[in-house]
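Per-entry structural report
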Amino acid sequence: MPDGSPFSVMHSIRIKGCETTIACAEGQKVLMAMEQKIHFPNPRPVRVGCRKGGCGACRVKVTKGAYTAEKSSHSHVTPEEAAEGYALACRITPLSDLEIEPAFLGPRRPTEKNE
Amino acid sequence: MSQEGLLRPGIIQLRVLDMDEAITHYRDRIGLDYVSTEEDGRVYLKAFDEFHRHSVVLREADSAGIDFFAFKADGQEAVDGFRKRIEDYGVAVEDVAAGEMPGTGKRIGFTIPSGHRIEIYADMELSETAPETHNPYIYKDEPRGMRAQRLDHCLLYGPNLPEVEKFFTEVLDFHIPERVDLPDGTLAIWMTVSNKAHDIAFVNHPEPGKLHHVAFFLEDWNDIGHAADVMTRYDISRDLGPTRHGITRGQTIYFFDPSGNRNEVFCGGYTAYKDHPTRIWDGNHVGRGIFYYERQLNDAFLSVVT
Ligand code: FES
């Protein structure tokens, strides 16, 4: 399984609003590449949920570049939206360098105080 | 037997994006037994320690989520009684003919104010692989995967929580062992019709009809650890845990099926009796209520649903 090792073909992913450029291997999912590169305590520019294309947490819009997308829930990306470049980051892998922007739709978590 | 009316959760029908991946997940990883695939494509499964024909039904669709959650009643008379009470309450009831699911009697279905479909039925065949009842061994074949013993409960997300609570307590005879009340209203309720800490739970959420998770019961904390080992071995997407819930006190892992439906493996939990007072959490402590060790919610808890 491609895991971003030096032998894989690498592409760079730029996420709008995020200074870190992410290296993603061809065959690797964009979301997993982001998770490897950006983690606590740094906020992740794209949300992580099911990592399986079902929940919509990682919804993005690809504004530049080519990619392939695996099957995912139509309730988060309709076929029309997919044609406009919307995708779930956990279901896409790059074929070239990509520019993406977060496009999460669901309700945000209400602010709350923890003890 | 003093428990009358509804007995327990009996069936969940889930939508999955890819049936083959879903079967591998629910059969080989969670450890359910495969029962059948029917002509309409639905796949039926059951846990090894369940007596009846099936408990988990998978339907391939374009979006993940829950079709319905069904409770088993102690007889057709009870189902008819609930039908009358539900209709008198002003909720439309739909009939589902016997045999719509193999080995299953007629069911009634209705939509509750959170947008979910709930069903009630009385009859289902016993499984050919049901647990033994005469000088029984603890299992016939040793359990696979995460060794799920039964379908346990589900947590649903949707609007109109006060109406949902009223309906479940006044019409379906549930009681409420635990709840989270925020200054602007109830965030969540845990309800039971038995004396498990919960048979069904709801969290207030703007979109109707959503699934947060479906839970499978494991024997103990050791099996929770074993389930975590299985998740790493097969690269299953883990949400949170192993940890404990302050609410229900159950020990738990949240993880995802290949379609993005959240699953839980759950063990323990206190025994809830109808005459026990409700435990109440407020917004400042709900983190500890949901994840007792982390003492805070993770980002996905309130936003990731199917
Ligand atoms: S993380 Fe759930 S759809 Fe990508």
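What counts and how
- Residues numbered from 1 in each chain as written.
- Chains lettered and ligands numbered in written order.
- Predicted model: local features only at pLDDT ≥ 70, side-chain atom pairs only at ≥ 80, totals over all residues.
- Heavy atoms only, no water.
- Helix = DSSP H or I, 4+ residues; strand = E, 2+ residues; numbered from the N terminus.
- Buried < 20%, exposed > 50% of the residue type's maximum accessible area, 1.4 Å probe, protein only.
- Contact = heavy atoms within 4.5 Å.
- Areas by Shrake-Rupley, 256 points an atom, 1.4 Å probe, with all protein chains shown as cover.
- Lys, Arg positive; Asp, Glu negative; His and termini not counted.
- Charge placed at Lys NZ, Arg CZ, Asp CG, Glu CD.
- UniProt positions renumbered as here; feature names shortened; annotations may be inferred.
- Pairing = 2+ DSSP bridges.
- Axes fitted to C-alpha atoms, helices over the stretch in contact; angles between N-to-C directions.
- Domains from an automatic or database assignment.
- Buried area = accessible area lost by both parts, 1.4 Å probe.
- Salt bridge = Lys/Arg side-chain N within 4 Å of Asp/Glu carboxyl O.
- Patch = residues over 30% accessible without salt bridge, like charges linked within 9 Å, V, L, I, M, F, W, Y side chains within 5 Å.
- Core = buried A, V, L, I, M, F, W, Y, C linked by side-chain atoms within 4.5 Å.

Within chain A one finds two helices and seven strands. When the 115 residues of chain A are sorted by exposure, 42% land in the buried category. Within chain A, contacts between residues at least 6 apart in sequence are counted, and of these 58% link residues at least 24 apart. Of the roughly 6,200 Å² of accessible surface on chain A, 53% is carried by carbon and sulfur atoms.

Attention now goes to the overall build of chain B. Along its length, chain B carries five helices and 17 strands. Here chain B holds 306 residues, and the buried ones make up 60% of them. Excluding contacts between residues fewer than 6 apart, the proportion of contacts in chain B whose partners are at least 24 apart in sequence is 68%. Here chain B displays about 12,600 Å² of accessible surface, and carbon together with sulfur accounts for 45% of that area. Across chain B, the centroid of the 32 positively charged side chains sits 2 Å from that of the 51 negatively charged ones.

UniProt marks residues 8-123 and 150-268 of chain B with the feature "domain: VOC" (unreviewed entry), using the numbering shown here. With 21% helix and 39% strand, the stretch residues 8-123 of chain B has end C-alpha atoms that lie 13 Å from each other.

All names here are of chain B. Strand order in the open sheet formed by nine strands is 14-15-16-13-9-12-11-10-17, and the pairing between neighbours is mixed. Edge positions in the sheet fall to strand 14 (238-244) and strand 17 (279-282), since each has one partner strand and no second. For this sheet, the mean inter-axis angle between neighbouring strands, taken without regard to orientation, is 15°. Judged from the four bridges that link them, strand 11 (residues 185-192) and strand 12 (residues 200-204) form a sheet pairing that is antiparallel. By the bridge assignment for strand 12, Met191 is matched with Ile200.

Attention shifts here to the sheet that holds strand 5 (residues 65-73) of chain B. Residues and elements named next belong to chain B. If you trace the eight strands from one edge of the open sheet to the other, you get 2-3-4-1-5-8-7-6, paired in mixed fashion. Unpaired on one side and paired on the other, strand 2 (33-37) and strand 6 (94-96) mark the two borders of the sheet. Recorded for the sheet is a direction-independent mean angle of 25° between the axes of neighbouring strands. Bridging between strand 1 (residues 6-16) and strand 5 involves eight bridges; their strand directions are antiparallel. When the bridges of strand 5 are listed, Arg8 appears paired with Lys72. Packed onto the sheet, helix 1 (residues 19-29) meets strand 1, strand 2, strand 3 (43-46) and strand 4 (56-60) and runs at close to 160° relative to strand 4.

A few words on the domain arrangement of chain B. Residues and elements named next belong to chain B. As far as domains go, chain B holds domain 1 (6-121) and domain 2 (150-303). For domain 1 and domain 2, the distance between their C-alpha centroids amounts to 20 Å. In this complex, domain 1 contributes 41 residues to the contact, which on the side of domain 2 involves 42 residues. For the domain 1 and domain 2 pair, buried surface summed over both sides reaches about 3,200 Å², with 72% attributable to carbon and sulfur atoms.

The subject of this paragraph is the pattern of salt bridges. All names here are of chain B. Per the stated rule, a full pass over the model turns up 30 salt bridges over all chains. Linking Asp152 and Lys196 is a salt bridge whose minimum nitrogen-to-oxygen distance equals 3.9 Å. With Asp152 in strand 9 (residues 150-158) and Lys196 in the loop between strand 11 and strand 12, this pair connects stretches of sequence that are 44 residues apart. By the burial criterion, Asp152 is buried, and Lys196 matches it. Through salt bridges with shared partners, one network takes in Asp40, Arg42, Glu94, Glu100, Arg107, Arg117 and Glu119.

All right, on to the pairing of strand 8 (residues 117-121) of chain B then. All names here are of chain B. Burial analysis of strand 8 places five of its five residues in the buried class, which makes it a mostly covered element. Residues Arg117, Glu119 and Tyr121 line one face of strand 8 and the alternating positions Ile118 and Ile120 line the opposite face, and both faces are buried. As defined by bridge partners, strand 5 adjoins strand 8 across four bridges and the pair is classed as parallel. By the bridge assignment, Lys72 is partnered in strand 8 with Tyr121. With five bridges connecting them, strand 7 (residues 107-111) and strand 8 associate as antiparallel partners. Paired with Phe110 across the two strands is Ile118, which belongs to strand 8.

On the surface, a nonpolar cluster with roughly 310 Å² of combined accessible area is contributed by B:Trp221, B:Tyr292 and B:Tyr293. Look at B:Tyr292 and you get partly exposed, because its relative accessible area is 37%.

Core analysis: the largest hydrophobic core is formed by 63 residues, its most contacted members being B:Ile86, B:Phe168, B:Leu172 and B:Ile200. When residues of this core are sorted by domain, at least three fall in each of domain 1 (6-121) and domain 2 (150-303) of chain B. Contacts of B:Ile200, omitting those with residues within four sequence positions, involve B:Phe69, B:Phe71, B:Ile118, B:His153, B:Cys154, B:Leu156, B:Phe168, B:Phe174, B:Ile189, B:Trp190 and B:Met191. Of all hydrophobic cores here, the second largest spans 23 residues; its members include A:Ile13, A:Cys24, A:Val77 and A:Leu88.

Here we come to a negative patch on the surface. All names here are of chain B. On the surface, a cluster of negative charge is made up of Glu4, Asp74, Glu77 and Asp80. Relative to the elements of secondary structure, Glu77 occurs in helix 2 (residues 76-88). The exposed category is assigned to Glu77, whose relative accessible area is 74%.

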